[in-house]
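Topology and contacts: notes
Here is how the chains run, residue by residue.
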Amino acid sequence: MACQQFDLVADYLQIPTDDRERLKVPKRSLTVAVPIHRDDGSTQVFQGYRVQHHLSLGPTKGGMRFHPDVELGEVAALAMWMSWKCALTNLPYGGAKGGVNCDPRKLSVTELERVTRRFTQEIISFIGPQVDIPAPDMGTNEQTMAWMMDTYSVHMGYSVPGVVTGKPVLLGGSVGRREATGRGVGYLANRAMDVLGLESSKATAVVQGFGNVGSVAAFSLARFGVKIIAVSDAFGGVYNQAGLDLIALDKYVTANRSIAGFPGGDLISNEQLLELQCDILVPAAMERQITGANAAKIKCRILAEGANGPTTPEADKIIDQREEIFVIPDILCNSGGVVVSYFEWVQDLQSFFWNESEVVDKLFRILENAFTQTLTLSRKNKVSMRTAALILGIQRVHQAKKMRGLFP
Ligand code: GLU
């Protein structure tokens, strides 16, 4: 998917073949074995990955995913998307992504700590505040980042908070980082409502995924007055046309680790949820949820992509024909997370910390700028919002590579 999207834009921009290879092929790809002692005394070996897509604009940046589907190809695609995302928002980074093929729900806290520390140790010469800066992604959180930071710091002999972002605030994390991705989704969906002339107090939203991105996006939309009529997680969803009680739902999910069984609405499957009539549809879970099979059936006005790669290129072709749907593409829609990660890194390097209103204000300025540039280009060149966002990102990396030239 990432390569297909790149090729389409490279054709559009008429990027010469030699330059395409340089832009496409990941700079560094690392696969490591991560052996740990399980709590029962047995030994298990997990596979870990880190891909750094390009190094032309600064260190690389991107999340670490702990999920049973993690493999090298997925990580490489996600790293490429991080590159265009960082370039679109003008962050001084190349893209990266990594992770461990494991199911964090089936590991105890002590096992998760051993996986995280051993994985960090295996990739230690590949990361660093000037080299590559990991962050949370699916299946990882502030605690994971604290363990990574500690493992790296013990190796160096002093505290290095700038090696990862998304840490607990007490350890050099940034206020507002945890909420940043979902808050950005809410902000941009609200901007899209302005563009379409929709009134937020009369709008409805459906959110797929109730993790860090989906849950905060739902709360953030609700704060703009939007009614959240359905949400789901990997185990199923809940639907209530009158609007869900998000506070009760959040409490239920904290207690039960899943939405399944929440009494405040009717049961609904993930497939049905995506096809509900609504103003804003927020896929905030896995890749490839909107496909050639269901793209004609989605019934939203705004598709706000909280996840990375939720829409396949086949689905894009169908959605491009459906002019009533306004797409906020993933590399724009979920970029709030990496933007505040950048703020966290800057604060760590300076050892000087900002308050929440400074963080949120600076975040919204960057998102506003990226949104306006994407919308303007999309209208001027009569291309989709996704193509416009990719053009801006890819063009910047291409120009940077041209200016730096080729060594030797
Ligand atoms: N994992 C997040 C993403 O996909 C955040 C990356 C970061 O903060 O570096 O954008």
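What comes next is a walk through the structure. (Residues numbered from 1 in each chain as written. Predicted model: local features only at pLDDT ≥ 70, side-chain atom pairs only at ≥ 80, totals over all residues. Heavy atoms only, no water.)

With respect to helix 2 (residues 17-24)
For clarity, the threshold we go by: The buried label applies to any residue whose accessible area, calculated with a 1.4 Å probe on protein chains only, is under 20% of its type's maximum; exposed applies above 50%, and partly exposed to all values in between. Helix and strand assignments follow DSSP, with helices taken as H or I runs no shorter than four residues and strands as E runs no shorter than two, numbered in order from the N terminus. By construction, the arc corresponds to the directions joining the helix axis to the C-beta atoms. Residues count as neighbours in contact if any of their non-hydrogen atoms are within 4.5 Å of one another.
Within helix 2 the residues assigned to the buried category are Asp19, Arg20 and Leu23. Down the axis of helix 2, the buried set is contained in an arc of 105°. They therefore lie on one face. Residues of helix 2 that are exposed and angled more than 90 degrees away from the buried face: Thr17 and Asp18. The inward-facing, buried residues of helix 2 abut helix 1 (2-13), helix 3 (72-88) and helix 14 (385-404).

A few points about the layout of surface pockets
Put simply, the rule is: A cavity here means a set of points on a 1 Å grid, drawn over the protein atoms and nothing else, where a 1.4 Å probe fits but cannot get out; a pocket is an open set with protein on both sides within 12 Å along at least five of seven lines, and a residue lines either one if it has an atom within 4 Å of a point. Grid points are joined across faces, edges and corners, and a volume is the space filled by probe spheres set on the points. Gly is placed with the polar residues, together with every amino acid not listed as nonpolar (Ala, Val, Leu, Ile, Met, Phe, Trp, Tyr, Cys and Pro) or charged (Asp, Glu, Lys and Arg).
What the second largest pocket holds in volume is close to 730 Å³. In terms of lining, the second largest pocket is formed by 27 residues, of which the most central are Asp320, Val383, Ser384, Met385 and Arg386. Those elements that provide at least two residues to the lining of the second largest pocket are helix 1, helix 10 (313-321), strand 12 (326-328), helix 13 (356-380) and helix 14. Classifying every residue of the lining of the second largest pocket gives 13 nonpolar, 5 polar and 9 charged.

Topic: the nonpolar core
For clarity, the cut-off: Working definition of a nonpolar core: buried Ala, Val, Leu, Ile, Met, Phe, Trp, Tyr and Cys residues. They are joined through side-chain atoms within 4.5 Å.
Among the nonpolar cores identified, the biggest contains 77 residues, and Trp84, Ile228, Val231, Leu249, Ile280 and Ile328 are the most heavily contacted of them. Looking at this core element by element, the count peaks at 9 residues for helix 3. Setting aside chain neighbours within four positions, we find valine 231 in contact with Val207, Phe210, Gly237, Val238, Leu244, Leu249, Ile259 and Leu273. Grouped together as the second largest cluster of nonpolar side chains are 24 residues, Leu30, Phe66, Tyr152 and Val163 included.

Details of the site of the ligand
Worth spelling out the cut-off: Near is defined per residue: the residue qualifies when any heavy atom it owns lies within 4 Å of the molecule or strand. Polar contact is defined as a pair of N or O atoms within 3.5 Å, subject to the rule that within protein one atom must be able to donate a hydrogen and the other to accept it, and that residues adjacent in sequence are counted only when both atoms are side-chain atoms. Here, Shrake-Rupley sampling with a 1.4 Å probe gives the accessible areas, and only protein chains in the shown set may cover a residue.
For the ligand, the set of nearby residues contains 14 residues, the closest of which are Lys61, Lys85, Lys97, Asp137 and Ser341. Lysine 97 is positioned such that a nitrogen or oxygen atom in its side chain is 2.9 Å from an oxygen atom of the ligand. A distance of 3.1 Å separates an oxygen atom of the ligand from a polar side-chain atom of asparagine 308. Here the ligand has 290 Å² of accessible area as a free molecule, and 94% of this is covered by the chains. Only strand 3 (60-67), helix 3, strand 5 (132-136) and helix 12 (336-350) provide two or more residues apiece to the shell around the ligand. Partitioned by chemical class, the residues of the shell around the ligand number 4 nonpolar, 5 polar and 5 charged.

As for the sheet that holds strand 8 (residues 236-239)
Put simply, the rule reads: A pair of strands counts as paired when DSSP detects no fewer than two bridges linking them. Note on method: axes are straight lines fitted to C-alpha atoms, helices fitted across the in-contact stretch only, with angles between N-to-C directions ranging 0 to 180 degrees.
One open sheet holds the 7 strands; their spatial order is 9-8-7-6-10-11-12, and the pairing between them is mixed. The strands lining the two open edges of the sheet, one partner per strand, are strand 9 (266-268) and strand 12. Pairs of neighbouring strands in the sheet enclose a mean axial angle of 20°, with direction left out of account. Relative to strand 12, strand 11 (residues 302-304) runs parallel, the two sharing 3 bridges. Of the residues in strand 12, the one forming a bridge with isoleucine 302 is phenylalanine 326.

A word on the packing of helix 6 (residues 177-196) against helix 12
The description of two helices packed together rests on the angle between their axes and the distance between the axes. Where we set the bar: Crossing handedness: left-handed means the near helix sits turned counterclockwise from the far one by under a right angle, and right-handed means the same turn made clockwise.
Between helix 6 and helix 12, the shortest axis-to-axis distance is 7 Å and the interhelical angle comes to 150°. Crossing angle aside, the handedness with which helix 6 passes helix 12 is right-handed. Each of Arg177, Ala180 and Thr181 in helix 6 lies in contact with helix 12, whose residues at this interface are Gly336, Gly337, Val340, Ser341 and Glu344. A breakdown of the residues in the contact of helix 6 with helix 12 according to their chemical character gives 2 nonpolar, 4 polar and 2 charged.

Section: unusual backbone geometry
Here the residue pair phenylalanine 407 and proline 408 is connected by a cis peptide bond, since its omega of 5° sits within 30 degrees of zero. Structurally, proline 408 is set in the segment after helix 14. Within the chain, glutamine 14 stands out as a residue other than glycine whose phi angle is a positive 50°. Relative to the helices and strands, glutamine 14 resides in the loop between helix 1 and helix 2. Its relative accessible area of 67% is what places glutamine 14 among the exposed residues. The phi torsion at arginine 288 lies on the positive side, around 55°, for a residue other than glycine. Structurally, the position occupied by arginine 288 is in the loop between strand 10 (280-283) and strand 11.

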